[in-house]
Amino acid sequence: RAGNAGAIEALVAAQRRHPSSETVQEMACGCLSALTSGMGNAINKTRAWNAGAFRAVVVAMRNHLGCESMLVCGTEALCNMSSGNVANSARAGDAGAVEAVVAAMLRHGGCEKLQEVGCIALGHLAKGSAENMSRVKQAGVVEAVETAWHRHATSEDVQPQARGALFTLGKIYLTG
């Protein structure tokens, strides 16, 4: 219902009006993530694209690279907006999502939640398009995922996500 009421568009508008506010960016990313989570939210995922949410989240991540909690929310939003939707994965890649997630993961290697969600997001984004596959090869994705895997060797949250991402990445490297 919130998507029908214009919540996604309002969140993106708030991000654009307040680009320097970490709080606004974090809250908007968190709400975008919630509104687009799950496979049953295809309409909200399309609304997110139409509203410019991918670009808004990527810009927020670039502008607030020092704020772990904002980056977690941003990565979750990118993950949810692109999951289960190949077109949105490609669009997210076009907006710079692959590079933004890699930069966040490498900058905050000790943040377990960011590494977990980053691995999930990169797995989704890697499947988006031929262009995303190329981005994956150039953006240091394998390094970011391997670093997460090694640095969080005992994490029951990071390990399966890192293995899944590496599996997806391995298929890309073997076929492309």
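Residues numbered from 1 in each chain as written. Predicted model: local features only at pLDDT ≥ 70, side-chain atom pairs only at ≥ 80, totals over all residues. Heavy atoms only, no water.

1. Considering the side chain of asparagine 80
Alright, step 1. Here asparagine 80 shows up in helix H5 (residues 68-82).
Alright, step 2. A polar contact is formed between the side chain of asparagine 80 and the side chain of serine 33, at a distance of 2.7 Å.
Alright, step 3. Setting aside its immediate chain neighbours within four residues, asparagine 80 contacts Ser33, Thr36, Ser37 and Lys45. (Helix = DSSP H or I, 4+ residues; strand = E, 2+ residues; numbered from the N terminus. Polar contact = N/O pair within 3.5 Å; in protein donor to acceptor, adjacent residues only side chain to side chain. Contact = heavy atoms within 4.5 Å.)

2. Examining helix H7 (residues 97-107)
Alright, step 1. The set of residues buried in H7 consists of Ala97, Val98, Ala100, Val101, Val102, Ala104 and Met105.
Alright, step 2. Among the structural elements, helix H4 (53-63), H5, helix H6 (86-94), helix H8 (112-126), helix H9 (130-138) and helix H10 (141-151) are those in contact with the buried residues of H7. (Buried < 20%, exposed > 50% of the residue type's maximum accessible area, 1.4 Å probe, protein only.)

3. A look at the nonpolar core
Alright, step 1. Within the largest apolar cluster, 49 residues are counted, with the highest numbers of intra-cluster contacts made by Val57, Met61, Leu78, Met81, Leu122, Val141 and Val145.
Alright, step 2. Contacts of valine 145, omitting those with residues within four sequence positions, involve Met105, Cys119, Leu122, Ala162, Ala165, Leu166 and Leu169. (Core = buried A, V, L, I, M, F, W, Y, C linked by side-chain atoms within 4.5 Å.)

4. Examining the packing of aromatic side chains
Alright, step 1. All told, the structure shown has one aromatic pair when counted by the stated rule.
Alright, step 2. Between tryptophan 49 and phenylalanine 54 the ring centres are 5.8 Å apart and the planes differ by 50 degrees, which places this aromatic pair in the tilted class.
Alright, step 3. The partly exposed category is assigned to tryptophan 49, whose relative accessible area is 33%.
Alright, step 4. Classification of phenylalanine 54 by relative accessible area gives buried; the value is 1%. (Phe/Tyr/Trp six-rings, centres within 6.5 Å; stacked < 30°, edge-to-face > 60°.)

5. Structural notes on the pattern of salt bridges
Alright, step 1. A full pass over the atoms with the stated rule returns two salt bridges.
Alright, step 2. Here arginine 135 makes a salt bridge to aspartate 94, at a shortest N to O gap of 2.9 Å. A residue pair is termed long-range when its members are at least 10 positions apart, and arginine 135 in helix H9 and aspartate 94 in helix H6 qualify at 41 residues.
Alright, step 3. Residue lysine 113 is joined to glutamate 116 by a salt bridge in which the shortest nitrogen-to-oxygen separation is 3.7 Å. (Salt bridge = Lys/Arg side-chain N within 4 Å of Asp/Glu carboxyl O.)

6. Observations regarding the environment of glutamate 131
Alright, step 1. Looking at the element boundaries, glutamate 131 is found in helix H9.
Alright, step 2. Owing to a relative accessible area of 48%, glutamate 131 belongs among the partly exposed residues under this scheme.
Alright, step 3. Separated by 38 residues in sequence, glutamate 131 and glycine 93 have C-alpha atoms that sit 7.7 Å apart.

7. A short note on H10
Alright, step 1. Three or more residues of H10 are buried, namely Val141, Ala144, Val145 and Ala148. Along H10, the residues classed as buried sweep out an arc of 95 degrees about the axis, all on the same side. Residues of H10 that are exposed and angled more than 90 degrees away from the buried face: His150 and Arg151. (Arc of directions from axis to C-beta.)

Purely geometric numbers; function is a separate question.
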